[in-house]
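One letter stands for each residue in the lines below.
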Amino acid sequence: SEMLSIWLLSLLSVLALSSGHIIREEEGFLSNPQYASQEQIEDLFAGLEKAYPENAKVHFLGRSQQGRNLLALQISRHTRERNNLTPPVKYIANMHGDEAVGRQLLVYLAQYLLANFERVPAVGRLVNSTDIYLVPTMNPDGYALSQEGNCESLPNYVGRGNAAGVDLNRDFPDRLEQSHHQLRAQARQPETAALANWILSKPFVLSANFHGGAVVASYPYDNSISHNECCEESLTPDDRVFKQLAHTYSDNHPIMRSGKNCNDSFSGGITNGANWYELSGGMQDFNYAFSNCFELTIELSCCKYPLASTLPEEWRQNKASLLQLLKQAHMGIKGLVRDASGYPIADADVYVAGLEDKPIRTSKRGEYWRLLTPGLYRVHAAAFGYQVSAPQEVRVTNDNQEALRVDFMLTPVETNFDGDFRKVKVERSEPPEKRKEQFEGFLTRTPFEHHNFTAMESFLREISARYPSLTRLYSIGKSVQGRDLWVMEIFATPGSHVPGVPEFKYVANMHGNEVVGKEMLLLLTKYMLERYGNDDRITKMVNGTRMHFLYSMNPDGYEISKEGDRTSGVGRANANGIDLNRNFPDQYGTDRYNKVTEPEVVALMNWTLSLPFVLSANLHGGSLVANYPYDDNENDFNDPYMRLRNSSINGRKPNPTEDNALFRHLARIYAQAHPTMHLGQPCELFQNEYFADGITNGAQWYSVTGGMQDWNYVRAGCLELTIEMGCDKFPKAKEMAKYWADHREPMLQFIEQVHYGIHGFVHSSIGTPIAGAVVRLDGANHSTYSQTFGDYWKLALPGQHNLTVLGDNYAPLRVEVEVPQTEPFAMRMDVTLMPDDPQHWASANDFRIIENVVNTRYHTNPEVRSRLAELENQNGQIASFGYADNEFSRYFNYLKMTSDIGEPEEHKYKLLVVSSLFDTAAPLGREILLNLVRHLTEGYKLQDASVVQLLKRSVIYFLPQTQKFQPVFDMYNYNSSVCDPVMGDELAERILNPETDQAKDMFLQFLRTEHFDLMLTFGAGSSELNYPSGDSILEKFAHGIQRTDFNYSPLQCPQSATRQLHQETTERMTNMMFRMYNLPVYTLGISCCRMPQHRRIASVWRRNIDKIKNFLALVRTGVSGLVQNDQGQPLREAFVRLLEHQRYYNVTRNAARFQLMLPHGVYGLEVTAPNYESHMLKVEIQEGQVTDLGSIRLHPFTLIHGEVVELPSSGNTPRDGTTSVAGVVLDEGNHPVRNAKVSVVGQSKLRNFTNSLGQYRLTSVPLGSVTLKVEAPRHVEVTRQMHLIAGGLSAENVVFHLKVNEHVFGLPRFLFIIFASVLIIAGVVICVLCAQFWFYRRHRGNKPYYNFSLLPQKTGKEQFDLDDEAGDDGETELFRSPIKRGMTIQPYFDEEQLERILHTDEEDEDEDEDGPHMEPELDVADDSGDEIVMLHNTHGNKRRH
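What counts as what
Residues numbered from 1 in each chain as written. Predicted model: local features only at pLDDT ≥ 70, side-chain atom pairs only at ≥ 80, totals over all residues. Heavy atoms only, no water. Helix = DSSP H or I, 4+ residues; strand = E, 2+ residues; numbered from the N terminus. Contact = heavy atoms within 4.5 Å. Areas by Shrake-Rupley, 256 points an atom, 1.4 Å probe, with all protein chains shown as cover. Disulfide = S-S within 2.5 Å. Buried < 20%, exposed > 50% of the residue type's maximum accessible area, 1.4 Å probe, protein only. Core = buried A, V, L, I, M, F, W, Y, C linked by side-chain atoms within 4.5 Å. Pairing = 2+ DSSP bridges. Axes fitted to C-alpha atoms, helices over the stretch in contact; angles between N-to-C directions. Arc of directions from axis to C-beta. Expected span 1.5 Å × (residues − 1). Polar contact = N/O pair within 3.5 Å; in protein donor to acceptor, adjacent residues only side chain to side chain. pLDDT = per-residue confidence, 0-100. Phe/Tyr/Trp six-rings, centres within 6.5 Å; stacked < 30°, edge-to-face > 60°. Lys NZ or Arg CZ within 6 Å of the ring centre and 35° of its normal.

## With respect to the overall build of the chain
Then comes step 1: Looking only at helices and strands, the chain has 33 helices and 60 strands in total.
Then comes step 2: For the chain, long-range pairs separated by at least 24 residues make up 73% of all intrachain contacts whose partners lie at least 6 apart in sequence.
Then comes step 3: Carbon and sulfur atoms make up 50% of the accessible area of the chain, which totals about 68600 Å².

Following this line, the structure appears as structure tokens:
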């Protein structure tokens, strides 16, 4: 026993010593078990993202059938950007809505990982090394229909499927289906499409899909070729890997590993899906067959939707399995596939010997992960355009916590040059010239036929394999239905951009049923490759031009098109029914056609922006013309008629670009080379459609909003034409030879135009290439940019040109160049830029304020306040600093600047400049704001004309946001490499949030009280300018702000979720401010990073100073005036309406002054005041001038009741001919009356209705005396007689004022209300009396009836002798009290007393029936002391009740 005591003491001491190392995990989420609703999950994920901004991020995947959000929570070390070779893993649950355990387990897992990754080392290692995505519910609609406690599905499987009743685990593309590529076919459910697209968009390595109704781990395949119902295994090539994954989950589950659960038996708790039961369209098979992802299906519990009280136990049983399965993402091998220059190769295939049926494709970063069980393997990599790598022998042990690293470097296919020509490997028996004649220019027999997608793909693969050293076949993306968008590069050394070689592209088959361009490109490809080396022209073209041909941008539409189609729309759109040539971002607006960008358009835009394309053509069909930009006008988004192609282009408004002469030249090159296009003859179905010289401006033909050629010019800097190749869209195959003969030469000549103009290199003074330098010609705003190696191309017509080159931190350069009039129609102009001296720049642009460009840094809040206070002290006549002098300034410090502080400001504009409405971007915005304040202060000191004029015309408030500066600055100081600090609950988000917030409320109240005219704030993430949409005036302002003498290249900022969120928030806030506060807000993107390094602040200021000055210069242009009555008194309730625009401007409260900032142009103004006649006038506004209209006098008007007659002039009036009458219909307050009917009396067909602005127009009104009648609901009808003179102008601005009809049923409204009230009251009284009468009649037979009358009194004799005890008043009560002798008066009686009383009553009745009976006198008196007696019935009659 002594030894046992010693052993126990030793054990206790060991436990005590080790107790200090016990790690307590945080699992507080188990304390109150319940199933989280959809709203609770969304709130929880949002809260986790806010609490762990670096480690948690919510992703929106799509929406369910009923519009519920499908969300994924990403958990990793850095959610903003995944580290290279960090494997992405996903867990998905609740695919069947009534299988709810997995849904809640993933919610628990999210909370567990985030709460314990810093607490538990193993969890921390897992989170830091794995990119984890959790999707708790794939079927929120089905879950909403399910019921807790149901272990089986409801009748008719309600809740199992989605809202449409579809089982989502039968809805995925199946590996055995022929149409598996149709990911978004009409039969595909939105939940399935969203998950499928998400799965294909990320390089997931491992996945699990959690179900219920059994306890087992299932692995692919789920079906087999024989399609037996069960009991036949269907194994993948990676069966050993899948079994290890399944055992990892099962072996760590205390119940699953037994394999005997829920009346099922599974060896080891795992099963092959098809061996259990067969299903097609399952998600785990889709993952393996169509992506790199290995997925298991985990059945968690026998009961599908158990009570919430069981959830803690379910968590404890599954916790270890969930964590261990995540670790399996690190088994096998991983690595990078790169080219000889070290650049990653996307879509390369990694093959493992023996497992060749399942190659792993690399990500966009060139990464791959290959799950493997321990063993010895031979691995190699292959990619298009590269030589296959040598096999590497690797031994996989999976002993480490991460996969074995195996990288590959691929070399391009060997190319050989011999002088200017490449060696041709094909030897031919007869001379090439003979074969050219024999095969119509080709060297081999060439069938003229149509190619569907499969045939086209085979053709391209075959010709690419035949000419590997001249071609590179690559896909730029996939269509809606999953078809590759194949591009063939044709060049002497394909694979990458070569400095000094221009990039060219042809795009065809954008409309799926317009097929000629596609076939012409296939023929052109074969023609050029076969003639290379045998045709000097083709050889020179291939050696000197990097050409890219996209044969079918819309392969899905092609597949449903029909041969012989001439003009129909079948196959025109993509598989989503969207016209791709209406889907691009448009400079003039957004509509339903381009609001959501289609995958084909996304792929093309990314491709176009990834290469420095110089020239392009988009090949269409349905007409015969060369079309050049622009394709639409500014207001075409609001005019559907302009989008229609009709029989004539007469009357259409052209919209030329700045390069209009160059575009017309390019269009003529193509048209003149075509045998018939240059003739401009119309097509058979459009007989009146003539095109001079076979070319047209797109907007003049018909408007194409969201078109590709405009996007290329505006956004990508690439000049593009749209070539209509023939009148028929899908001609017969037999006609292809004629099309080829007609278009071969135009296509070749157009490619050659890419070399005509100016080209060269931009270097620094020490020879360093300068990338991103702006190259402009002749002062035009359209710019091109130098590339990585400094090379640039600028197409130009022969003649003299001024070339402007501008590089960041370099002095701008202007040189005069001359393009020769003869071959080669091009010149090389290399440019050397000198480094820009900051002091020199400051002297030229910033009043020599050195502090703004030298040693720039972020200033703390006290420093900012000190600088602003110092500016006020030194410049008290123009500056006033607000700090804690009122409630608003305690939250927001501000500096107010204007000339002569303290004078009346009624005649000045009010501008607001805010550092930023995002706390994380505010530090940079504050520095730009401080620079601007110093700029204006110094300019005023120097009496710079522009600054003096600005401060005389405006009051400017500067708000440097200071609230959350310190925590943001602390993040920057902790890690200065952080580009975008992340902080939740930023000011912009609080402004949009309906919840109250003191700072937000003070800011909005400030906006309401100050009535600012314009507001400028600064953003980050791009160089774009955000402003309210839908207002043409504000849009013109925006164009003016962005137009500078030296346009810097747009910032190419990488997109991220937070930047996208900021952009969306900015747009919502901008529109909200304009809608609720009538305040146009311009948000200028000034930097990619929200907090760039200190020294970069100067660069940001220099890039944006001109745009900021342009914003302030808006006050220089506009119109002003005073509104007065006939006596010269101000009409303070007047307002000014801008005709043709939905904007009203109130006059000032004192002098009744109006002042409008307007771009230059011609405007119509309507000045209106209540009870005064409107005054309309036209004003032309010049740039840089404020047009003063002086005093505008309004005349009072008298309302005319009844008929208003204008006497006709004397003389005979000709009645032949017609004219038009137009005007507006207004009410008494001069507000437009919409839907008023304006008609000509006696002419039933001459009528029209007013629009939303009260405007109307009547045409074909006969000349002479006519009577106009205006009728409108709730208004008094008005007529007016007019005399229309022959030969005169149309009657414009005929204004009707309608009086509100105050009569109801012919009575004045007041009398009608009184009359109706009287009727209502009388009706109520009558109803009450009737109810009482009815009640009385109904109950009359059930109540005793008493008839009382006054007993007559006889003189000198009393009717009754009075007792001695009668009262002093001599009165006696005639009726006896019903209270019996001995009865106690009490509020209730118990049962015994009640029976006694009732018994007494019965005895009394018996006595009454025996005859007259004299009641004994009662000794009980009432309160008055009077004796109570009863008047007896002397006749013995008794009324029975």
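Don't stop here, the text continues.
## Observations concerning the state of the cysteines
Then comes step 1: As enumerated under the stated definition, the model contains four disulfides in all.
Then comes step 2: Each sulfur of the disulfide joining C683 and C727 lies 2.0 Å from the other. Judged by the sign of its S-S torsion, about -80°, the bond between C683 and C727 is left-handed. With C683 in the loop between α17 (660–673) and β27 (695–697) and C727 in the loop between β28 (719–726) and α20 (736–752), the pair connects residues that are 44 residues apart, well separated along the chain.
Then comes step 3: With relative accessibility at 5%, the residue C683 sits in the buried group.

## A closer look at the nonpolar core
Then comes step 1: Ranked by size, the top nonpolar core spans 84 residues in total, and within it Y91, F210 and L245 carry the most contacts.
Then comes step 2: Sort the elements by how many residues they give to this core and helix α3 (residues 101–116) lands first, with ten residues.
Then comes step 3: Counting 81 residues, the second-largest nonpolar core is a separate cluster that includes Y909, Y972, A1152 and L1177.

## So, the sheet that holds strand β10 (residues 294–299)
Then comes step 1: Judged by pairing direction, the sheet is mixed, and its eight strands sit side by side in the order β1-β2-β4-β3-β5-β10-β6-β9 without closing on themselves. With one partner strand each, in any of the chains shown, β1 (56–63) and β9 (270–272) form the two edges of the open sheet. On average, each strand axis in the sheet is tilted by 20° relative to the strand beside it, whichever way the strands run.

## Some details on helix α4 (residues 121–129)
Then comes step 1: Within α4, burial applies to V123, G124, L126 and V127. The arc that holds the buried residues of α4, viewed along the axis, is 165°, so those residues lie on one side.

## Examining helix α2 (residues 38–51)
Then comes step 1: For α2, spanning 14 residues, the distance from its first C-alpha to its last is 20 Å, which sits close to the expected 20 Å at 1.5 Å a residue.
Then comes step 2: Restricting attention to buried positions, one finds in α2 the residues Q38, I41, F45 and L48. Looking straight down α2, one finds its buried side chains confined to an arc of 90°; they lie on one side. The outward face of α2, more than 90 degrees from its buried face, is lined by the exposed residues E39, D43, K50 and A51.
Then comes step 3: On the buried face of α2, the contacting elements are β1, β2 (69–75), α3, β4 (131–135) and α5 (140–145).

## Some remarks on the side chain of H801
Then comes step 1: Its place among the elements puts H801 in strand β33 (residues 799–806).
Then comes step 2: At 2.8 Å, the side chain of H801 and the side chain of D778 are in polar contact.
Then comes step 3: Residues contacting H801, with those up to four places away along its chain left out, are L777, D778, A796, V815, E816, V817 and V819.

## Details of the side chain of T722
Then comes step 1: Inspection of the secondary structure assignment puts T722 in strand β28.
Then comes step 2: What makes T722 buried here is its relative accessible area of 5%.
Then comes step 3: One polar contact links T722 to Q709, side chain to side chain, over a distance of 2.9 Å.
Then comes step 4: Discounting chain neighbours no more than four positions away, the residues touching T722 are N618, H620, V625, A626, N627 and Q709.

## A look at the confidence of the model for the chain
A low pLDDT means the predicted coordinates there should not be read in detail.
Then comes step 1: Here the chain averages 83 in pLDDT, and 85% of its residues register 70 or above.
Then comes step 2: In the predicted structure, residues 178–186 sits below a pLDDT of 50 and forms 22 contacts with residues beyond four places in sequence or in another chain.

## Details of the sheet that holds strand β31 (residues 784–785)
Then comes step 1: Spatially, β31-β30-β33-β34 is the arrangement adopted by the four strands of the open sheet, whose pairing is antiparallel. This sheet does not close on itself; its edge strands, each paired only once, are β31 and β34 (813–819).

## Points about the pairing of β2
Then comes step 1: With seven of its seven residues buried, β2 lies for the most part within the structure.
Then comes step 2: On β2, burial covers both faces: N69, L71, L73 and I75 on one face and L70, A72 and Q74 on the other are all buried.
Then comes step 3: Looking at chain direction, β1 and β2 are connected through seven bridges and run antiparallel. Its bridge partner being in β2, A56 is matched across the sheet by I75.
Then comes step 4: The hairpin turn running from β1 into β2, its antiparallel successor, is five residues long, and G67 in that turn takes a positive phi close to 90°.
Then comes step 5: Both β2 and β4 contribute to a ladder of three bridges, which runs antiparallel. Counted as the bridge partner of Q74 is Y133 from β4.

## Considering unusual backbone geometry
Then comes step 1: Cis geometry is adopted by the peptide bond preceding Y221, which originates at P220 and carries an omega value of -5°.
Then comes step 2: Along the chain, Y221 turns up in the loop between β6 (216–219) and α7 (239–251).
Then comes step 3: The step from P629 to Y630 runs through a cis peptide bond, and the omega angle for that step is -5°.
Then comes step 4: Take Y630: it is sitting in the loop between β26 (623–628) and α17.
Then comes step 5: Notably, D347 is not glycine yet its phi reads approximately 60°, a positive angle.
Then comes step 6: Within the element layout of this structure, D347 appears in the loop between β11 (333–339) and β12 (349–352).
Then comes step 7: Judged by relative accessible area, D347 falls into the partly exposed class, the value being 44%.
Then comes step 8: Of note in the backbone geometry, N1171 takes a positive phi value of approximately 70° without being a glycine.
Then comes step 9: One can find N1171 in the loop between β48 (1161–1168) and β49 (1175–1181).

## Notes on the environment of G799
Then comes step 1: Following the sequence through the fold, G799 ends up in strand β33.
Then comes step 2: Accessibility expressed as a relative area gives 14% for G799, which makes it buried.
Then comes step 3: Here the alpha-carbon distance between G799 and V819, two residues 20 residues apart in the chain, equals 5.1 Å.

## Brief notes about the environment of C302
Then comes step 1: Assignment of secondary structure puts C302 in the loop between β10 and α10 (311–327).
Then comes step 2: By relative accessible area, C302 is classed as partly exposed at 36%.
Then comes step 3: Remark: the alpha-carbon pair of C302 and C262, spanning 40 residues in sequence, is separated by 5.5 Å.
Then comes step 4: Beyond its immediate chain neighbours, meaning those up to four positions away, C302 contacts C151, G213, A214, V215, N261 and C262.

## Thoughts on the packing of aromatic side chains
Then comes step 1: A complete count under the given rule lists 53 aromatic pairs for this structure.
Then comes step 2: Note on W607 and F613: the rings are 5.2 Å apart at their centroids and 70° apart in plane angle, and the pair reads as edge-to-face. Both residues of the pair, W607 and F613, belong to the buried class.
Then comes step 3: An aromatic cluster is defined as three or more aromatic residues linked by ring pairs; in this entry it consists of F888, F892, Y894, Y957, F1003, F1006 and F1012.
Then comes step 4: Over the ring of F204 we find K90, and its NZ or CZ is 5.6 Å from the ring centre.
Then comes step 5: Above the ring of Y288, the side-chain terminus of K358 is found at 4.6 Å from the ring centroid.

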